[in-house]
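Now for the letters of each chain:
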Amino acid sequence: MNHAIESARIRNHPRYQELVSRQRRFVACLVAATLVPYFTFILIAAFAPHLLAQKLSATSIINIGWPLGVAFIVGAWLFTGLYILRANGEFDALTAEIREGAIV
Amino acid sequence: MKPLFRVLIAPALLSAAATCASAAETLQAVEKQPLNITAIAMFLVFVLTTLGITYWAANKTKSMDDFYNAGGGITGFQNGLALAGDYMSAAALLGVTSMIFFNGFDGVLYSISFFVAWPLLLFLFAERIRNLGRITLSDIASFRLDQNRIRTLTAFGSLTVVCFYLVVQMVGAGQLIQLLFGLPYNYAVIAVGLLMAVYVTFGGMVATTWVQIIKAGLLLVGGTLLAVLALSKFGFSFEQLFKQAVAAHHDGELILLPSKLVADPLALISLSLGLVFGTAGLPHILMRFFTVPDARQARKSVFIATGFIGFFYLIVAVLGLAAIVIVGRDPAFYESGILGGKLIGGGNMPVMHLAKAVGGDLLLGFISAVAFATILAVVSGLTMAGTSAISHDLYVMVFKKGRAEAKDERRVSRIASVGIGIVAVVLGILFKDQNIAFLVALTFGVAASVNFPILALSMYWKGLTTRGALIGGIAGLVSSVSLVILSPAVWVKVLGNPEAIFPFDYPAIISMNVAFFFTWLGSVTDRSGEAMLERERFDDQLIRAQTGLGASQAVNH
């Protein structure tokens, strides 16, 4: 029963809604920041591959498709780091504040 | 020479987008090779080490929680490595390098499609799954929905995925062992079935986790070593690597751009949907989030896993390009010494030949042993997932209504893991020499169209009801399975019809939408009293998901 009482207390906690909406917004941004470049890349590869044929420099044989692939992997990984940073700091602190004085 | 090349490779690699994808996941038919003593010796060391760990783990495994989730006592870093170990299959090492070897840039598209699921798993799933569940992913969907019906459905969803994926891995193991060790196919299948049953039955999740960790470490070390040695042949210059690869490949500069994989863009999109969302519905991956003490460690483990998996795919690209130059220009790796003819051992061999070329028999033996260890680790994870679906979901929660004796549960879990081992061996032998590409499509299709929608909607959509989840889950199952049957991989290649009724090998583009639509329809039209209660319980579920209130704790020993 204690969980139910605590749950009701949290539901009415002023900072709880704030936590939920802040986290939701942050997650939505990160999901978009991952999926939009990914599907753009796939769609360009599918419908306009010539856009990837641009060389890195006049003397280079490497086209921009390869480094873009690398940048995507590294970038998405950095996003996971960004998420951890904010979740471990801000969101965990907010959760601790909400749970303070908890019954269970 | 070119027509010959086309005749030999075309059926497996060059026809359509989805065929490329399946070729990367399933190994093509191979011929038995001479006995490779170095590889066998190294593999035996791996087996003995893991059996030692299993013995140690068996002594640590006292409660059922220990058995299912290592008592939540795995650290975030360890779990990150184990997740990477679960995901980096032999198919990725052999198949994706071979794809780059033959088709160049297509391999990059394939790699990032496999990779992109991981950041999403972190943002959307990892913490919530950890906070809401304890043992299986069915725990989450049945948190506020009807225990019996939803748990039965999701347990069967998990078992279906586990079963299809096991057959893929067993057949791969049999072919690999013929190829790399020079031993008969059936030996491999029986040995793999036996070892995975031993790991899981005696060592439970602790042993499974350490098998994954060791394998991930070996794969990363082996791959990095191979990449460094290969790059040294190009003076560590990527410019040189690309220049020589273009010069060595018969397609020249075309290999730097998308080619075969994008011949049918819709097929490519269906494939990528299946890979991205199918990964987010693989039970053996998701259950790993229960092995860490809390949501914070669950987060960390995905960050670690994403880093290693990303790094691994970058290495794979280097290996594929280096193989174009080093293997592609050496007649010793082609049958009868004909350059551009048939590769000795088949289309999945470029990375193995590369190992031999840059590191001799010792490195070849090492990489072969790693490839086999990789399969062993993946099947152990699958067996663990299947076992907990049977003993926890079906036996304890559905059959015994949550009131089972621990010793009965333990006995059922032993029967389940041994049973899964036997089924896997029998199916592995039955499917020998069969075209099993469609099983990969089925695995990811069912995971993306049954497990993923139910899981995602139960955590993110208040309106979901039991009826909606049942209707949607069954619609997803029926549509994904029937579309795969109507696809080129089964309708044409297995059943021998002239033309496929459904044009793509991967069904996700249709079946995922069908699943989501019917789940929505079944939920919004549900006006029953239970449905009201289920929607009401969402708020409490969200509080638990968000704050960890009431989430299962780590067991202290």
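Treat the numbers as computed from the prediction; the structure is a model and nothing was measured.

Peer 1: Help me understand the overall build of chain B, please; the structure alone is not making it clear to me.
Peer 2: From N to C terminus, chain B includes 23 helices and zero strands. Against the 2.2 N^0.38 benchmark of 24 Å for 557 residues, chain B shows a C-alpha radius of gyration of 23 Å, consistent with a compact globule. Buried residues in chain B amount to 64% of all 557 residues. Pairs at least 24 apart in sequence give 85% of the contacts found in chain B among residues at least 6 apart.

Peer 1: Hey, could you run me through the overall build of chain A in this one?
Peer 2: The number of helices and strands found in chain A is three helices and zero strands. Beginning at the N terminus, the succession of helices and strands in chain A can be written as α-α-α. For chain A, the spread of C-alpha atoms along the principal axes amounts to about 70 × 25 × 20 Å. Within chain A, buried positions represent 22% of all 104 residues. The long-range share in chain A, meaning contacts at least 24 apart out of those at least 6 apart in sequence, stands at 65%.

Peer 1: Sorry if this is basic, but what is going on with the interface of chain A and chain B here?
Peer 2: It is common to give the size of an interface as the accessible area lost on bringing the parts into contact. On the side of chain B, 41 residues touch chain A, which itself brings 43 residues to the contact. Of all the secondary structure elements, the ones that give two or more residues to the side of chain A that touches chain B are helix H1 (2-11), helix H2 (14-47) and helix H3 (65-99) of chain A. A total of 20 residues in the side of chain A that touches chain B trace back to one element, the largest contributor, which is H3(A). Residue classes in the side of chain A that touches chain B are distributed as 28 nonpolar, eleven polar and four charged.

Peer 1: What is the right way to look at the packing of H2(A) against H3(A) in this model?
Peer 2: All names here are of chain A. Packing of H2 against H3 leaves a shortest axis separation of 11 Å and a crossing angle of 175°. On the basis of the axis angle, H2 is roughly antiparallel to H3. The residues of H3 that touch H2, namely those facing Arg15, Tyr16, Leu19, Gln23, Phe26, Leu30, Ala33, Thr34, Pro37, Tyr38 and Phe41, are Leu68, Phe72, Ala76, Phe79, Tyr83, Arg86, Phe91, Leu94, Thr95, Glu97 and Ile98. Within the contact of H2 with H3, the residues separate by chemical class into 16 nonpolar, three polar and three charged.

Peer 1: Teacher, can you tell me more about unusual backbone geometry here?
Peer 2: Residue and element names in this part refer to chain B. You will see that Phe236, though not glycine, has its phi angle at about 55°, which is positive. The residue Phe236 is located in the loop between helix H11 (185-232) and helix H12 (238-248) in this model. Positive phi, close to 55°, is recorded for Lys401, a residue that is not glycine. Relative to the elements of secondary structure, Lys401 occurs in the loop between helix H16 (350-399) and helix H17 (406-430).

Peer 1: Where do I start with the UniProt feature "transmembrane region" (unreviewed entry) in chain A in this structure?
Peer 2: Residue and element names in this part refer to chain A. Per the UniProt record, "transmembrane region" (unreviewed entry) is found at residues 26-52 and 64-85. For residues 26-52, the helix share is 81%, the strand share is 0%, and the end-to-end C-alpha distance is 31 Å. Each end of residues 64-85 is marked by a C-alpha atom, and these two atoms are 31 Å apart; helix forms 95% of the span and strand 0%.

Peer 1: How should I be thinking about helix H21 (residues 508-524) of chain B in this particular structure?
Peer 2: Helical geometry note: an α-helix holds 3.6 residues per turn, so side chains three or four residues apart project in the same direction. Given a rise of 1.5 Å per residue, 17 residues ought to cover 24 Å, and the 24 Å separating the end C-alpha atoms of H21(B) matches this to within 8%. For H21(B), the elements touching its buried residues are helix H13 (265-279), helix H18 (437-460) and helix H19 (466-486) of chain B.

Peer 1: Just to check I follow, could you spell out the nonpolar core for this structure?
Peer 2: One recurring pattern in soluble globular proteins is that nonpolar side chains are buried together. Residue and element names in this part refer to chain B. With 227 residues, the main nonpolar core has Ile309, Leu319, Ala322, Leu354 and Phe372 as its most contacted residues. Of all the elements, H16 adds the most residues to this core, at 29 residues. When near neighbours in sequence (up to four residues on either side) are disregarded, Phe372 contacts Phe43, Leu176, Ile177 and Leu180.

Peer 1: Help me out: how do you make sense of H11(B) in this one?
Peer 2: Along its 48 residues, H11(B) runs just 36 Å from first to last C-alpha, ending more than 12% under the 70 Å computed at 1.5 Å per residue. Its maximal kink placed at B:Gly203, H11(B) deviates by approximately 130°.

Peer 1: Could you clarify how one ought to interpret the packing of helix H10 (residues 147-180) of chain B against H19(B) in this entry?
Peer 2: Angle between the axes and distance between the axes are the two parameters that describe a pair of packed helices. Residue and element names in this part refer to chain B. Running from amino to carboxyl end, H10 crosses H19 at an angle of 25°, the nearest separation of the two axes being 10 Å. Overall, the two elements H10 and H19 adopt an arrangement that is roughly parallel. Judged by the sense of rotation from one axis to the other, the crossing of H10 with H19 is left-handed. Residue-level inspection shows Arg149, Ile150, Leu153 and Gly157 of H10 in contact with H19, the latter providing Thr466, Ala469, Leu470 and Gly473.

Peer 1: What is the right way to look at the confidence of the model for chain B in this model?
Peer 2: Atomic detail in the predicted coordinates should be set aside for any region of low pLDDT. The predicted model of chain B has a mean per-residue pLDDT of 88, with 94% of residues at 70 or higher. Counted against residues more than four places away or in other chains, residues 1-26 of chain B, with its pLDDT under 50, gives 66 contacts.

Peer 1: I would appreciate a short explanation of the confidence of the model for chain A in the present structure.
Peer 2: Per-chain confidence: chain A averages 90 in pLDDT, with 95% of residues scoring 70 or above. When mean pLDDT is compared element by element in chain A, H3(A) scores highest at 94, while H1(A) scores lowest at 84.

Peer 1: What's the story with the environment of B:Gly71 in this structure? I'm lost.
Peer 2: Mapped onto the fold, B:Gly71 is located in the loop between helix H4 (64-69) and helix H5 (76-87). Along the backbone, B:Gly71 and B:Lys60 are eleven residues apart, and their C-alpha atoms lie at a distance of 9.9 Å.

Peer 1: How should the environment of B:Ser417 be read in this particular structure?
Peer 2: Residues and elements named next belong to chain B. With respect to the helices and strands, the residue Ser417 is situated in helix H17. Ser417 sits in the buried class, given 26 other C-beta atoms within 10 Å. Measuring from C-alpha to C-alpha, the distance between Ser417 and Asp393 comes to 14 Å, with 24 residues separating the pair along the chain. Setting aside its immediate chain neighbours within four residues, Ser417 contacts Ala197, Val200, Thr201, Thr383 and Thr387.

The rules behind these values
Residues numbered from 1 in each chain as written. Chains lettered and ligands numbered in written order. Predicted model: local features only at pLDDT ≥ 70, side-chain atom pairs only at ≥ 80, totals over all residues. Helix = DSSP H or I, 4+ residues; strand = E, 2+ residues; numbered from the N terminus. Rg over C-alpha atoms; globule rule 2.2 N^0.38 Å. Buried ≥ 20, exposed ≤ 12 C-beta atoms within 10 Å, placed from the backbone. Contact = placed C-beta atoms within 7 Å. Nonpolar A, V, L, I, M, F, W, Y, C, P; charged D, E, K, R; others polar. Axes fitted to C-alpha atoms, helices over the stretch in contact; angles between N-to-C directions. Parallel < 35°, antiparallel > 145°, perpendicular 65-115°, else oblique. UniProt positions renumbered as here; feature names shortened; annotations may be inferred. Expected span 1.5 Å × (residues − 1). Core = buried A, V, L, I, M, F, W, Y, C linked by C-beta atoms within 7 Å. Bend = angle between axes of the 7 residues up to and from the residue. Left-handed = near helix turned anticlockwise from the far one by under 90°. pLDDT = per-residue confidence, 0-100.

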